Amino acid sequence: MAFDPRTRVPIRTLPKTIDAACYNRVSLALTRLGEPLDVEIAPLRIAVRVERKVWAAWSLVNDIPLMAWVEFHVGERGLHEPVPCQVRLYHFHAGLLMGHTPQLLANALDERLGRQRRSQPRAAVTALVRRS
């Protein structure tokens, strides 16, 4: 069950920043694997639906909304700079998970990208020949 954060009222909304490397890896996965992506994060027993504008997480145990990252401000930043956003909390314990989730999400997407890359046929390498 993916939920739409636009239709739910959060318990709390917090300003947050996402590490640049983490955000960039998620963005790369969206570009290469398509959008939206549903990712299970087994250690936390949550799932995250990842889209360009919203990352929405819900519990795999009882299928309830937990949190969502929204309003990413990527316009005038360098690739090395953290990305400001908002985190909307929908469950009173979601704050305990919000710090670990983005990094675990990026790691899970890295694994998917690695599997995709290994499964693709390799292109033939053309030898370079020096002209006289």
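Everything numeric here is computed off the predicted structure, so don't read it as measured data.

**Q** Is there a simple way to explain the pairing of strand E4 (residues 54-59) in this structure?
**A** Two faces belong to every sheet, and in a regular strand the side chains alternate between them. Most of E4 sits inside the fold, with six of its six residues counted as buried. On E4, burial covers both faces: Val 54, Ala 56 and Trp 58 on one face and Trp 55, Ala 57 and Ser 59 on the other are all buried. Between the antiparallel neighbours strand E3 (residues 46-50) and E4 lie three residues. Pairing of E4 with strand E5 (residues 65-70), which is carried by five bridges, proceeds in the antiparallel orientation. Note that in E5 the partner of Trp 55 across the bridge is Trp 69. With antiparallel pairing between neighbouring strands as the criterion, E4 and E5 make up a hairpin whose turn holds five residues, including Asp 63 at a positive phi of roughly 60°.

**Q** Mind showing me how you'd approach the pattern of salt bridges here?
**A** Pairing of side chains with opposite charge becomes possible as their charged atoms draw close. Going through the model one piece at a time under the given rule, you end up with four salt bridges. A salt bridge links Glu 35 to Arg 52, with the shortest nitrogen-to-oxygen separation between them at 4.0 Å. Taken as a pair, Glu 35 in the loop between helix H1 (20-33) and strand E2 (37-41) and Arg 52 in the loop between E3 and E4 lie far apart in primary sequence, 17 residues in all. Arg 88 is paired through a salt bridge with Glu 71; the nearest N and O atoms lie 3.5 Å apart. Pair noted here: Arg 88 is in strand E6 (residues 83-89) and Glu 71 is in the loop between E5 and E6, with a separation of 17 residues, a long-range link.

Quick notes on the rules
- Residues numbered from 1 in each chain as written.
- Predicted model: local features only at pLDDT ≥ 70, side-chain atom pairs only at ≥ 80, totals over all residues.
- Heavy atoms only, no water.
- Buried < 20%, exposed > 50% of the residue type's maximum accessible area, 1.4 Å probe, protein only.
- Helix = DSSP H or I, 4+ residues; strand = E, 2+ residues; numbered from the N terminus.
- Pairing = 2+ DSSP bridges.
- Salt bridge = Lys/Arg side-chain N within 4 Å of Asp/Glu carboxyl O.

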